[in-house]
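Spelled out, the chains give:
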Amino acid sequence: MPTDILLEVSNLCKSFGSLAVLENVSFNLRRGERIALIGPSGSGKSTCLRAINYLEPPTKGDVVLEGQVIGRRRNGQQMSDREMAPQRAEIGMVFQHFHLWPHLSVSENIVLQPRKVRGMKSSDARALSAQLLSKVHLAHKADEMPQRLSGGQQQRVAIARALAQQPKVLLFDEPTSALDPELVGEVLTVIKELASEGRAMVLVTHEISFAREVADRIIFMDGGRIVEEGDAKAVLDNPQSPRLKQFLASLQLSGGGHG
Ligand code: ADP
Ligand code: MG
């Protein structure tokens, strides 16, 4: 097995009752690789990200991070949340709606995970929080409460929080689609900076021009399956499947893929 593979997703299936939402989704993420996961609403993108860190336990299939099976013991039984916590810390997640704790300050939101999951000393966690807040250009907001920040700023705090776990992989689920259009750019800039540091990421986005610029590889999903994948520019400039052609055309009609 080539050692540059960081994350292996194999034959992931997820059903809700009789509704099959993921059907044999398989892909590998290499070290430093950036994958953009695109597809119409309801195609299973969020479920796929959530299944990767067992927020949504898959019905079938495996997720393996650096040789370690996520979420299941050797005997195949599902781990408890407590057992899973260190594995989940390796997989940072950024959601559409930020999910910051409203009763905690910006910096308290960030120090929580490294304290809890990594057992980091309070002073070290504070130093890390300060460093990460400067990385997302919010050093001056450390003591602010989340609801006093704009959506773009809240999302950048959420990114700093995900980084504070010191994850090996970052998963972004439409990180800009809840934002006012004028706030999208500041969040994309931060993601671009992280990408240029060589961080491995899977990014669900409708920002196709951003995906083209940042991603190495595109995976296009429809109806819970991977329909097409390949080099980002090749896939976007020369889509093969009628379904992807149609999807890209519909994004152009709706204004270049914003939202
Ligand atoms: P996407 O992120 O691509 O829009 P989702 O992964 O959110 O798609 O959803 C895929 C399908 O799974 C949709 O039909 C959605 O309604 C269904 N679904 C998602 N979560 C649940 C759930 N907890 N229970 C039942 N159906 C769900
Ligand atoms: Mg979604």
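Structure shown above.
Residues numbered from 1 in each chain as written. Chains lettered and ligands numbered in written order. Predicted model: local features only at pLDDT ≥ 70, side-chain atom pairs only at ≥ 80, totals over all residues. Heavy atoms only, no water.

1. Considerations on the site of ligand 1
Part 1 of the reasoning: Lining the immediate environment of ligand 1, one finds Phe16, Val21, Pro40, Ser41, Gly42, Ser43, Gly44, Lys45, Ser46 and Thr47.
Part 2 of the reasoning: In this structure, an oxygen atom belonging to ligand 1 sits 3.2 Å away from a main-chain N or O atom of serine 43.
Part 3 of the reasoning: Within the side chain of serine 46, an N or O atom sits 2.9 Å from an oxygen atom of ligand 1.
Part 4 of the reasoning: About the coverage of ligand 1: the protein hides 59% of its 560 Å² of free accessible area.
Part 5 of the reasoning: Looking at the shell around ligand 1 residue by residue, the classes come out as three nonpolar, six polar and one charged. (Near = heavy atom within 4 Å. Polar contact = N/O pair within 3.5 Å; in protein donor to acceptor, adjacent residues only side chain to side chain. Areas by Shrake-Rupley, 256 points an atom, 1.4 Å probe, with all protein chains shown as cover. Nonpolar A, V, L, I, M, F, W, Y, C, P; charged D, E, K, R; others polar.)

2. Some remarks on the packing of helix α3 (residues 106–116) against helix α4 (residues 122–135)
Relative orientation and spacing of two packed helices are given, respectively, by the angle between their axes and the distance between those axes.
Part 1 of the reasoning: For the pair α3 and α4, the least separation of the axes is 9 Å and the interaxial angle reads 125°. Between α3 and α4, the angle falls in the class oblique. For the pair α3 and α4, the sense of crossing is right-handed. For the pair α3 and α4, the contacting residues are Val106, Ser107, Glu108, Ile110, Val111, Pro114 and Arg115 in the first and Ser122, Ala125, Arg126, Leu128, Ser129 and Leu133 in the second.
Part 2 of the reasoning: For the contact of α3 with α4, the class distribution of residues is seven nonpolar, three polar and three charged. (Axes fitted to C-alpha atoms, helices over the stretch in contact; angles between N-to-C directions. Helix = DSSP H or I, 4+ residues; strand = E, 2+ residues; numbered from the N terminus. Parallel < 35°, antiparallel > 145°, perpendicular 65-115°, else oblique. Left-handed = near helix turned anticlockwise from the far one by under 90°. Contact = heavy atoms within 4.5 Å.)

3. Description of the sheet that holds strand β4 (residues 60–65)
Part 1 of the reasoning: Sheet architecture is open: four strands sit in the order β2-β1-β4-β5, paired in antiparallel fashion. Looking at strand neighbours, the two that pair on one side only are β2 (19–30) and β5 (68–69), the edges of this open sheet.
Part 2 of the reasoning: Note: strand β1 (residues 5–16) against β2, eight bridges, orientation antiparallel. By the bridge assignment, leucine 7 is partnered in β2 with leucine 29.
Part 3 of the reasoning: On the sheet, helix α1 (residues 45–52) packs against β1, β2 and β4 and is oriented at approximately 60° with respect to β2. (Pairing = 2+ DSSP bridges.)

4. Observations regarding helix α2 (residues 81–89)
Note: α-helices contain 3.6 residues per turn, so residues at a spacing of three or four share the same orientation.
Part 1 of the reasoning: Buried within α2 are the following residues: Met84, Gln87, Arg88 and Ala89.
Part 2 of the reasoning: In this structure, the buried side of α2 is in contact with β5 and β6 (91–94). (Buried < 20%, exposed > 50% of the residue type's maximum accessible area, 1.4 Å probe, protein only.)

5. Focus on the environment of isoleucine 219
Part 1 of the reasoning: In this structure, isoleucine 219 sits in strand β9 (residues 217–222).
Part 2 of the reasoning: Isoleucine 219 gets classed as buried once you look at its relative accessible area, which sits at 0%.
Part 3 of the reasoning: Here the alpha-carbon distance between isoleucine 219 and isoleucine 38, two residues 181 residues apart in the chain, equals 6.2 Å.
Part 4 of the reasoning: When near neighbours in sequence (up to four residues on either side) are disregarded, isoleucine 219 contacts Phe27, Ile35, Ala36, Leu37, Ile38, Ile226, Glu228 and Glu229.

6. Structural notes on the sheet that holds strand β3 (residues 34–38)
Part 1 of the reasoning: Pairing is mixed in the open sheet, where six strands are placed in the order β6-β7-β8-β3-β9-β10. Where the open sheet ends on each side, the last strands, each with one partner, are β6 and β10 (225–231). This sheet shows a mean twist of 15° between the axes of neighbouring strands, independent of strand direction.
Part 2 of the reasoning: In terms of strand pairing, β3 meets β9 through four bridges, oriented parallel. Paired with isoleucine 38 across the strands is phenylalanine 220, a residue of β9.
Part 3 of the reasoning: In the packing of α1 onto the sheet, the strands contacted are β3, β6, β7 (169–173), β8 (200–204) and β9, and the crossing angle to β7 comes to about 150°.
Part 4 of the reasoning: Packing against the sheet, helix α6 (residues 181–196) makes contact with β3, β7 and β8, and its axis sits at approximately 150° to β8.

No statement about biological role is implied by the geometric values presented.
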